[in-house]
Structure formats: structure tokens, C-alpha cells
Amino acid sequence: YYNLGVLLWERGLCSRAIDALSKVDGTDVYAQTAMDHLGDCYLKRNQVQQAGNLYKRFLTVAPNDPRAITGMARCYAMTGDLERARSMLEPIVNPTQSVYPPAYMALGEVQFAMGDIDQAIESFTDVSRYPGYERDALMRLAEMYRQKGDIDAAIATLETARNYFPPTDTTVPN
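This is a predicted model, so every value here is computed, not measured. (Residues numbered from 1 in each chain as written. Predicted model: local features only at pLDDT ≥ 70, side-chain atom pairs only at ≥ 80, totals over all residues. Heavy atoms only, no water.)

A. Fine view of the overall build of the protein. A count of helices and strands for the protein gives ten helices and zero strands. Starting at the N terminus and ending at the C terminus, the protein contains elements arranged as α-α-α-α-α-α-α-α-α-α. Radius of gyration (C-alpha) of the protein: 17 Å, near the 16 Å computed for a compact globule of 174 residues. If one aligns the C-alpha atoms of the protein with their principal axes, the spans along those axes are about 50 × 40 × 30 Å. Within the span of the protein, comprising 174 residues, buried residues form 42% of the whole. The contacts in the protein between residues at least 6 apart in sequence include a share of 39% that link residues at least 24 apart. About 9700 Å² of surface is accessible on the protein, with carbon and sulfur atoms providing 50% of the total. (Helix = DSSP H or I, 4+ residues; strand = E, 2+ residues; numbered from the N terminus. Rg over C-alpha atoms; globule rule 2.2 N^0.38 Å. Buried < 20%, exposed > 50% of the residue type's maximum accessible area, 1.4 Å probe, protein only. Contact = heavy atoms within 4.5 Å. Areas by Shrake-Rupley, 256 points an atom, 1.4 Å probe, with all protein chains shown as cover.)

B. Geometry of unusual backbone geometry. Phi is positive for Asn46, which is not a glycine, with a value near 60 degrees. With a relative accessible area of 57%, Asn46 lands in the exposed category.

C. Quick peek at the layout of surface pockets. By volume, the largest pocket is sized at about 700 Å³. Lining the largest pocket are 23 residues; nearest its centre among them are Asp40, Lys44, Arg74, Pro102 and Met105. Counting only elements with at least two residues in the lining of the largest pocket, the list comes to helix 3 (29–44), helix 5 (66–78), helix 7 (101–113) and helix 9 (134–148). It is helix 5 that contributes the most residues to the lining of the largest pocket, six residues altogether. Counted by class, the lining of the largest pocket contains eleven nonpolar, four polar and eight charged residues. (1 Å grid on protein atoms, 1.4 Å probe; cavity = no way out; pocket = protein on both sides within 12 Å on 5 of 7 lines; lining within 4 Å. Points joined across faces, edges and corners; volume = space filled by probe spheres on them. Nonpolar A, V, L, I, M, F, W, Y, C, P; charged D, E, K, R; others polar.)

See the structure below:
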């Protein structure tokens with residue numbers, strides 16, 4: 001169930017991933033990864049209550065795990081408790097420690113929702129340097145620049161983001 005659930009999650013097939021990952025039990029490293037992916041799927045489906053319950057359980061098993069903290073912060077952000085989400089995320093986005101890029105993404109979203117566009121730009125700029133996160137971070141960064149009124153920076157950022165789309169993606173013109 002773990003392997004199947006992770007593969008389905010990687011493909012973005014959350015309804016099927018939920019079925020598989022919810023059958024993974026325990027508290028070991030695999031169960032923790034399953035909890036993180038399962039919570040992410042719940043959040044993508046706007047099932048915030050289920051995600052919150054899951055991340056609370058994850059936090060009891062691993063209170064310092066950045067995946068659990070980030071997931072719980074995302075739940076708070078989705079329910080409008082932006083200040084609580086921000087206070088959870090800020091301590092774990094310290095670049096002098098090991099970096100967990102999804103925490104930067106979540107913090108950038110919270111900062112943006114709170115109207116702190118300059119801080120959001122900084123967070124998305126930071127995470128855009130990590131392999132696998134470039135495209136999504138740059139797309140959000142372009143939106144931040146657009147919101148700020150810096151259209152030239154938005155265009156330049158989108159041009160850079162084009163480099164991170166698969167060559168077969170038909171939504172990106174050549």
C-alpha cells in the first residue's frame with residue numbers, strides 16, 4: 001500500500017492515493033511519509049478537517065518533523081488562521097539548517113495572503129533555487145511581481161519558468 005500510494009501521489013491521483021495511503025499504519029519512517037502524502041492529498045481536495053486530524057497525529061509521532069509542521073500550518077492557513085500558520089512556518093525556514101522547500105512554498109502563500117508581498121517574493125525566490133521546485137516557485141513569483149505592479153519582472157520570471165516545463169507540455173508555446 002505504501003509504494004502504490006506514493007506512486008499515485010506522485011502522479012497527482014489523490015483519490016486513489018488516499019485509498020492506498022490510508023491503509024499504511026504505524027509510526028515508522030514509511031508511515032510518516034504516508035501520513036504526509038495522505039495529508040497533502042486531503043488538502044488538495046479541500047478536505048481540511050481530515051488533513052488537520054492527520055497532521056495532529058503526525059505531530060504527536062514526530063513533533064519536530066518539518067513535513068508535519070508544514071502540513072498543519074497549511075491547514076491553519078486554509079481555515080484563515082494565517083498568523084498561526086506563519087508562526088509555525090517561520091522557525092523551520094531557516095536557511096542555515098536543512099531546507100524543506102515545501103515550507104518555503106507554504107510560507108510564501110501565507111505571506112501573500114497576509115498582504116506581505118515583499119516577504120512572499122523573498123520566500124518564493126529562495127525556494128526557486130531548489131531542484132524540483134523551480135517551476136512552481138517561479139510561477140508564483142511572477143504572480144507576486146504582477147500583484148506588485150512590476151510587469152517587467154513578472155515577464156522575465158515567466159520566461160525563466162518556461163525552462164522548467166517538460167518539452168511535451170502543450171501549454172507552453174515555443
